[in-house]
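Overview (structure and organization)
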Amino acid sequence: MFNAIGRIFRTPDLRRKIGFTLGIIALFRLGSFIPAPFVDFGNVQQCLAANQGASGLYELVNLFSGGALLQLSIFALGIMPYITASIIVQLLRVVIPHFETLYKEGQSGQARLTQYTRYLTIALGVLQSTTLITVARSGALFPANSDPACSQLITNDAWYAIMLMVVTMTAGTGLIMWLGELVTERGVGNGMSLLIFTSIAATFPGSLWAIAISRGFDVFALVLGIGLLVVVAVVFVEQSQRRIPVQYAKRMVGRRTYGGNNTYIPIKVNMAGVVPVIFASSLLYLPALIAQFNQPAAGEEPQPWVVWITNYLTKGDHPLYMLLYFLLIVGFTYFYVAITFNPDEVAENMKKYGGFIPGIRAGRPTAEYLDYVLTRITLPGSIYLGLIALLPLIAFSWFGANQNFPFGGASILIIVGVGLETVKQIDAQLQQRHYEGLLR
């Protein structure tokens, strides 16, 4: 293992790529601490200290921004607008035939879709930065806003100041998107995924230390033990797949023989990745967000529906919230897998190139068999996603830990998934220059 790591730094090209990636990551983290114009940095830090360990509406976005959201920095929105735009463009392929045509055109069509994703990212950046500034001005950014400083986060309410803040945060999102693409082209791994990985990993030490301080080192040791088991389980499931054997018939093209080889279709247990967790979290945030903007004035009684949402749909430790969260994740897993994997298209491509599954006729029977396998393997995958996503809520309920419990939810799925993919890419580049790679 150490010899393999030594070979990484003895290979000039790979050493240069890793150095470039680390430099971009350092620049990204630096921007997360630079406050946006007209933001009172002292009041922000005071509110962060007063609300440490409290759960709020913006935890998912704050997690993906590496804590930059609640600090109102120039990178406050993080990579979240790009993630949302990518998911929207992917879903629009089902609705808009032109998008599906571009997807099938190959590299040129993919470039057009990427350009649409960039435009949509900037538009979402404008919308989300405007919403964030509005919430910060109203003093509702932090859940426990009894501190007067939490309602005085912005020093200038003039229109030009608000406009400058919106432009700055949107430009920060565009810069992050550009940095991610630079890492993909000149560094190691997928740039966007690595920036998300960096944002989440940056919150791990603080979350663990907060548990140690608030609950004691015995609970801290228990959390570390549970975390190790969760990481092992996530690695096992993320690497698990059902391999459907495929045989290709021999065919003559001129004097050459093609086909005749055996391969397989890998169907992962967790084909949806972390997207269902993001969908479910975002959908459950909507009622709480609507209720927050319908709070009664001083001396007035709140409306019954606002009270119900506040009691049942804003606290992660309530059983009803956990049940809805779990069911939404299971439903979104089936929905997303149905969109991203088309059995009819796979069966048609296999038939076109002379491929068939042993014992299954080509064409429609193959598509039905693939759909049969996919439906049944998605069930354990969706249950696995739901249980992993519930871990922070269970920790919040049992240990009184922050809902940003590091070993669960979207954070651990992204950390493990991106880590495995990056190690595989480094291993592949090592094997191009040496007989032995990083992995044994």
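Above this text you will find the structure in question.
Now for a description of the structure that goes with this document. Position labels on residues start from 1 in each chain and follow its written sequence. Only residues with pLDDT of 70 or above have their local features reported here, since the model is predicted, and side-chain atom pairs are shown and tallied only from 80 upward, although totals for entire chains, interfaces and linings are computed over all residues. As a rule here, side-chain values come from all non-hydrogen atoms in the structure, and water together with hydrogens is ignored.

1. A short note on the nonpolar core
If you look at the biggest cluster of nonpolar residues, it comprises 61 residues, and the most contacted ones within it are Val234, Val277, Tyr325 and Leu413. Ranked by the residues each element gives to this core, the list is headed by helix 15 (residues 364–398), at 10 residues. Grouping buried Ala, Val, Leu, Ile, Met, Phe, Trp, Tyr and Cys residues that are joined through side-chain atoms within 4.5 Å yields what is termed a nonpolar core. Relative accessibility decides the category of a residue: with a 1.4 Å probe and only protein chains considered, values under 20% of the type maximum give buried, values over 50% give exposed, and everything between is partly exposed. Of all hydrophobic cores here, the second largest spans 23 residues; its members include Leu77, Phe142, Cys150 and Ile162. Helix and strand assignments follow DSSP, with helices taken as H or I runs no shorter than four residues and strands as E runs no shorter than two, numbered in order from the N terminus.

2. Topic: the environment of Arg118
By the element assignment, Arg118 lies in helix 7 (residues 107–138). Classification of Arg118 by relative accessible area gives partly exposed; the value is 27%. Between the C-alpha atoms of Arg118 and Ala85, which are 33 residues apart in sequence, the distance is 7.8 Å. Any two residues whose heavy atoms approach within 4.5 Å are treated as being in contact. The residues contacting Arg118, other than those within four sequence positions of it, are Met177 and Glu181. Identification of polar contacts relies on pairs of N or O atoms within 3.5 Å, with a donor-acceptor requirement for protein atoms, meaning one able to donate a hydrogen and the other able to accept it, and with residues adjacent in sequence counted only if both atoms are side-chain atoms. At a separation of 2.8 Å, a polar atom in the side chain of Arg118 contacts the side chain of Gln115.

3. Comments concerning the pattern of salt bridges
The salt bridge criterion pairs a side-chain nitrogen of Lys or Arg with a carboxyl oxygen of Asp or Glu, the two atoms within 4 Å. As enumerated under the stated definition, the model contains seven salt bridges in all. In this structure, the salt-bridge partner of Lys17 is Asp13, at a minimum N-O distance of 3.9 Å. One end of the pair is Lys17 and the other is Asp13, both in helix 2 (residues 12–31) and four residues apart, which spans about a single turn. We classify Asp13 as partly exposed; its relative accessible area is 25%. One salt bridge connects Arg93 with Glu100, and the closest N-O pair in it is separated by 3.3 Å. In this structure, Arg93 and Glu100 share a single accessibility class: buried. Connected through shared salt-bridge partners, Asp13, Arg16 and Lys17 make up one network.

In short, the description is geometric, and any link to function would need to be established separately.
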